[in-house]
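Observations on the three-dimensional arrangement
If you want the building blocks of each chain, they are given just below.
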Amino acid sequence: MLPLRVLVLLLLLLAFLDPRWPLEGRVVYLLDFSPSAREAVFALAARLPKDGVYVAFAERAATLPSPTARRLDLGEGTDLREAYKEALRHRPSRAVLVSDGLLEPIPPPFPLDALYVPPRPYVAVRLVPPAYPLYGETVGVGVVLEAPVPAEARVRVEGPGGVLERALRVEGRKALVYTFPLTEKAAVRAVAEGPWGRSEAEVEVAPADRAKAVVLGDPAAARYLEAQGFQVEEGFTLPLEADLVVVGTGVLDLPEGAPEALKAFLRRGGGLLFTATPKGLFFGGWDRALPEELPLKPLGREGAALVLVLDVSGSMAGEKLSMAVAGALALVESAAPEDRLGVVVFSSGHRVLFPPRPMTAQAKKEAESLLLSLRAGGGTVLGGAFREAVRLLQGVPGERKAVLVLTDGLIADAKEPILDLAQTSGVEVSALALGPDADAPFLKELARRGGGRFYQAPSPRELPRLFLREGQEVFRGEALEGRFPVEARPHPLTEGFRFPPLSVLLPARAEPWAEVLLTSGERAVLAIGERGEGRVAALATDLSRSWRDFPEASAFLGGLFRWLIGARRALALYAYPEGEGVRVVALGPLEAPEILSGGTRRPMVPTGPLRFEARVEGEGVLLDRGLRLPLALPLPGEWSPRDGREVLRALAEASGGRLLAGPGEASSGKEALPLRPFLVGLALALFLLERFLEARLDRGASRALP
């Protein structure tokens, strides 16, 4: 039995060494039937070996009965995954990929050789819509032309913007931009033709969002905004959740704190437009309320003179005097340098706190210091103070002169002489009654005889706004009515427009930081500028009167509106194919943008002012502060220009194969049959045989014994 046991050991030793028996392998040929490669593959098919297995593929894959069989129903793209899946059904030992290399290089699950064929001449056209188009915005559709080999093409693009035609040579990739104003869903169609044939593409563009505008006191502006596709709300509410605010009303017609809110809105990136309605712009006191934000200031205004006659009797002590001083300070602040302001205080007697003088910056500081020094005490004798105020105004130049009287009690001296003087002085007299104890009937009569206004302030806290209201009435400028020709200065917003004469105009000049777009002689009609992160404009005419018969008013104002919101809403997205991915560039007021693609978030890197970049491999979503913008990316297509030969070389070498010079170099795949299972099985059988024979010998020996 020793020889059989030795044989078992020898078989196990051979199994440990894992010997293999060489066999002829199976080669599967993967034939690229995509549009760019099929013609060259068809021409090469007759030279391929007849004994292989053939799989044709494009977007789908199918096994062919012979290399010369043709399939034109496999789609217009190229997907190697489908080719590999079909090839694995044939259990290949090796594969040969016959292609032009214009494909996504996916690593194969088997050794791969590659055979390059040149792509056919062709110019593919693709249309890339804007990523985030706004209603009324002038949008651009990218017309991308791609040619794997240089080719001549005639391109025609049709859509809402008319017809764009070009004849050009495409080498690699070339891009054009087709622009038009987006006011509704629009279709754009592009056709490229040449000796190689014809390609075409079509895309629909629909508004992704409508900008929001808040209009304060200008119905004409509201109508123009609605015509331009804006969401329009009228009325002031905080917080200001809008892209654009149009102001055609006065400071005092809005809630307290409105100027500060508008300033903050502008500085954060909002758009502001001031219009010269009967209550707007200079009439509304905005040149005083927002002097650093308004691009226009009154021109050639003579200025007005106002003397405040202020009660500082004992009954004014405490909150009354504090609020009266606050109102007087607001009046000081609202006065322009050409305006003159003075204050006479009275109680049992009177004194001139300061005479009417131009409200320069230095004069305002001195007036503030004097007003803050006031103390209450004594009776209520008005006559001497009123006569002093009238006397002070007699020596002041200018035609507009006014007196404002404030008191909270009953007048102790004779009233009729005061009323007579108010009627004959030639000075406009207004009166303000503070609290329930004020002599309202007398003050009403004083204002009536003086040709001014009467104000009732039940609470001291109302005094600052009432002072401002009176200052607005006295210091306001005048509008000019007539026929004022308009000249446009060169600017993208004014290009192509012919502006009609204006019927009403506020004389205005532009601030040094502003850019003037429209003028009438030496007067500025429209000026724009940037303040903080936002944009502001001022129009020195009334839209409802001057441009009522201007047919292009809506188009011009639409451009102005969109420029104003540009700092807040403008978001341009560009995508550039790079290798097998895409470089995305975002331009706009983003904070911390991220790209969500393939289930992974990656931050966009800031590469310049308001510029962010990222590289992605597929479509995704741009995320920023709750903003979600879907990204339709121009990923490499069937005709994307690339070095197909090098793509195939890298793909083959990474799998252990090589790039073949011709079909004759294709090697028949070799397979090796592993012998270990057979050797182990034979050794096990011999071992069992040995055990069986030993058992029989033992039984025979036991029977032979007596």
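The rules behind each value
Residues numbered from 1 in each chain as written. Predicted model: local features only at pLDDT ≥ 70, side-chain atom pairs only at ≥ 80, totals over all residues. Heavy atoms only, no water. Helix = DSSP H or I, 4+ residues; strand = E, 2+ residues; numbered from the N terminus. Buried < 20%, exposed > 50% of the residue type's maximum accessible area, 1.4 Å probe, protein only. Contact = heavy atoms within 4.5 Å. Areas by Shrake-Rupley, 256 points an atom, 1.4 Å probe, with all protein chains shown as cover. Pairing = 2+ DSSP bridges. Right-handed = clockwise from strand over helix to strand, strands pointing away. pLDDT = per-residue confidence, 0-100. Patch = residues over 30% accessible without salt bridge, like charges linked within 9 Å, V, L, I, M, F, W, Y side chains within 5 Å. Salt bridge = Lys/Arg side-chain N within 4 Å of Asp/Glu carboxyl O. 1 Å grid on protein atoms, 1.4 Å probe; cavity = no way out; pocket = protein on both sides within 12 Å on 5 of 7 lines; lining within 4 Å. Points joined across faces, edges and corners; volume = space filled by probe spheres on them. Nonpolar A, V, L, I, M, F, W, Y, C, P; charged D, E, K, R; others polar. Polar contact = N/O pair within 3.5 Å; in protein donor to acceptor, adjacent residues only side chain to side chain.

The next thing to look at is the overall build of the chain. The number of helices and strands found in the chain is 16 helices and 39 strands. A burial count over the chain gives 51% of its 706 residues as buried. Partitioning the intrachain contacts of the chain with sequence separation of at least 6 by distance along the chain shows that 66% fall at a separation of at least 24. If you sum the accessible surface of the chain, you get close to 32,700 Å²; carbon and sulfur atoms cover 53% of it.

Let us look at the pairing of strand β13 (residues 231–234). As defined by bridge partners, strand β12 (residues 212–216) adjoins β13 across four bridges and the pair is classed as parallel. What sits directly across from Lys212, in β13, is Gln231. Traced from β12 through helix α4 (residues 219–227) to β13, the parallel crossover comes out right-handed.

Note on placement: Ser322 falls in helix α7 (residues 319–334). Linking Ser322 and Leu374, residues 52 residues apart in sequence, is a C-alpha distance of 9.2 Å.

This part covers the pairing of strand β5 (residues 94–99). Extensive coverage of β5 is indicated by the burial of six of its six residues. Alternating residues of β5 divide into Arg94, Val96 and Val98 and Ala95, Leu97 and Ser99, and every residue in both groups is buried. Here five bridges tie strand β2 (residues 27–32) to β5, and the two strands are oriented parallel to one another. Opposite Val28, over in β5, you have Ala95 as the bridge partner.

A word on the confidence of the model for the chain. On average, residues of the chain score 84 in pLDDT, and 90% of them reach the 70 mark or higher. By mean pLDDT, the top-scoring element of the chain is strand β4 (residues 61–64) (95), and the lowest-scoring one is strand β39 (residues 670–674) (56).

To continue, consider the environment of Leu14. Within the fold, Leu14 resides in helix α1 (residues 2–16). Overall, the relative accessible area of 43% leaves Leu14 in the partly exposed class. Considered as a pair, Leu14 and Val680 are 666 residues apart in the sequence and their alpha carbons are 8.8 Å apart.

The next point concerns a nonpolar patch on the surface. A contiguous nonpolar surface patch, about 460 Å² in accessible area, is contributed by Leu13, Leu14, Phe16 and Leu17. Here Leu17 lies in the loop between α1 and β1 (20–24).

The next subject is the layout of surface pockets. Taken as a whole, the second largest pocket holds about 630 Å³ of empty space. Lining the second largest pocket are 25 residues, with Val251, Pro259, Glu260, Ala289 and Leu468 positioned closest to its centre. Listed by contribution, the elements that provide at least two residues to the lining of the second largest pocket are α5 (258–267), α6 (286–289), α7 and α12 (463–475). Among the elements that make up the lining of the second largest pocket, the one with the highest residue count is α12 (five residues). Of the residues that constitute the lining of the second largest pocket, the class distribution is ten nonpolar, six polar and nine charged.

Our next topic: the side chain of Thr380. Positionally, Thr380 belongs in the loop between α8 (361–372) and α9 (383–394). Look past the residues within four positions of Thr380 in its chain and what remains in contact with it is Asp311, Ser313, Phe346, Ser347, Thr407, Leu410, Ile411, Ala412 and Asp413.

Below, the discussion takes up α4. Three or more residues of α4 are buried, namely Ala220, Ala221, Ala222, Tyr224 and Leu225. Immediately downstream of α4, the backbone of Gly229 shows phi near 90°, a positive value.

Attention shifts here to the side chain of Ser199. With respect to the helices and strands, the residue Ser199 is situated in strand β11 (residues 197–205). There is a polar contact of 2.7 Å between the side chain of Ser199 and the backbone oxygen of Val123. Each residue touching Ser199, except ones within four places of it in the same chain, is listed here: Tyr122, Val123, Ala124, Val125, Ala190, Val191 and Ala192.

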